[in-house]
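# Structural characterization, general
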Amino acid sequence: MQQQKKQLLVETYTLDCSSGVCQDLLTESEKKLVNAGALFFITKLQESDRVNGNNRVYPHSTLKREVDKYMAGPIKNGNSYGCLDHDDDEIIKLSEVCLIMRDLWWTNDKELWGKLQVTSTPKGDIVKGLHKDGGLLSISSRSLGSLTESKGKRIVNEDLDL
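Read on for an overview of the structure.

Procedures and definitions
Residues numbered from 1 in each chain as written. Predicted model: local features only at pLDDT ≥ 70, side-chain atom pairs only at ≥ 80, totals over all residues. Heavy atoms only, no water. Helix = DSSP H or I, 4+ residues; strand = E, 2+ residues; numbered from the N terminus. Buried < 20%, exposed > 50% of the residue type's maximum accessible area, 1.4 Å probe, protein only. Contact = heavy atoms within 4.5 Å. Polar contact = N/O pair within 3.5 Å; in protein donor to acceptor, adjacent residues only side chain to side chain. Expected span 1.5 Å × (residues − 1). Pairing = 2+ DSSP bridges. Axes fitted to C-alpha atoms, helices over the stretch in contact; angles between N-to-C directions. Salt bridge = Lys/Arg side-chain N within 4 Å of Asp/Glu carboxyl O. Core = buried A, V, L, I, M, F, W, Y, C linked by side-chain atoms within 4.5 Å.

### Side note on the overall build of the protein
- A count of helices and strands for the protein gives four helices and 10 strands.
- Reading the secondary structure of the protein in the N-to-C direction produces β-β-α-α-β-β-α-β-β-β-α-β-β-β.
- Per-residue burial for the protein yields a buried fraction of 39% across its 162 residues.
- For the protein, long-range pairs separated by at least 24 residues make up 63% of all intrachain contacts whose partners lie at least 6 apart in sequence.

### With respect to the side chain of glutamate 30
- For glutamate 30, the position within the fold is in helix α2 (residues 28-35).
- The class for glutamate 30 is buried, based on a relative accessible area of 11%.
- Polar side-chain contacts of glutamate 30 include one of 2.8 Å to the side chain of lysine 115.
- Ignoring sequence-local partners within four residues, the contact set of glutamate 30 consists of Leu25, Phe40 and Lys115.

### Some words on helix α3 (residues 60-77)
- Spanning 18 residues, α3 covers 24 Å between terminal C-alpha atoms, matching the ideal 26 Å at 1.5 Å per step.
- Among all positions of α3, only His60, Thr62, Leu63, Glu66, Val67, Tyr70, Gly73 and Ile75 are buried.
- Buried residues in α3 make contact with β3 (40-47), β6 (97-106) and β7 (111-118).

### Focus on the side chain of glutamate 66
- Tracing the backbone through its elements, the reader meets glutamate 66 in helix α3.
- Ignoring any residue separated from it by four or fewer positions in sequence, one finds glutamate 66 in contact with Leu160, Asp161 and Leu162.

### Structural notes on the sheet that holds β3
- In space, the four strands of this open sheet follow the order β3-β7-β6-β5, with antiparallel pairing throughout. The open sheet has two free edges, formed respectively by β3 and β5 (81-83), since each of these has just one partner strand. With strand direction ignored, the average angle separating the axes of adjacent strands in the sheet is 40°.
- Pairing of β5 with β6 involves three bridges; the strand directions are antiparallel. Considered in β6, the bridge of cysteine 83 is made with valine 97.

### Here we look at the pattern of salt bridges
- Under the defined criterion, the tally for this structure stands at 13 salt bridges.
- The salt bridge partner of glutamate 28 is lysine 31, with a shortest N-O separation of 3.7 Å. One end of the pair, glutamate 28, and the other, lysine 31, are both in helix α2, three residues apart, so they sit about a helical turn from each other.
- For glutamate 158, the salt bridge is made with arginine 65, and the minimal N-O distance between the two is 2.9 Å. In this pair, glutamate 158 sits in the segment after β10 (153-156) while arginine 65 sits in helix α3, placing the two residues 93 residues apart along the sequence.
- What makes glutamate 158 exposed here is its relative accessible area of 52%.
- Several salt bridges converge on common partners, so that one network encompasses Lys44, Glu47, Arg50 and Glu111.

### Re the nonpolar core
- Counting residues in hydrophobic clusters, the biggest one holds 22 residues, and the most contacted among them are Phe41, Met101 and Leu104.
- Only β3, α3, β6, β7 and β8 (137-145) provide two or more residues apiece to this core.

### Looking at the environment of asparagine 77
- Here asparagine 77 shows up in helix α3.
- Residues asparagine 77 and arginine 102, 25 residues apart in the sequence, show an inter-C-alpha distance of 9.8 Å.

Rendered as structure tokens:
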């Protein structure tokens, strides 16, 4: 097994509320915001203990540790932002912000899901327009960490940082 240096890890999932499940997971106050024009997405963000689309495996204990820290920090403080376009680095540029992550939770099958609110920023307006016009949107999770090659898989190491 050979460990690599720490690098930017990006995982991508499609945003889709066509099943209506998004509305079912909103609070009453969030539903009022939707009635006033706000847009929320409920989506899978990550998965653990299985090979993902990038041939990576995130050990559940490592990913859970980082999610718990993220929940206690940026999510709780209301400063967990997502960007419409971003460079291949870990820096969030406020001029690119299009969403705020409002909540995270685990499903029984070790999938990490999140509630995302599209912002009232120029980039958020682009997301709203694309969604309104039927565009297919995706979200990518970004983290820093190193990988170890093992049996044809790339295992994310303990140095993971969300």
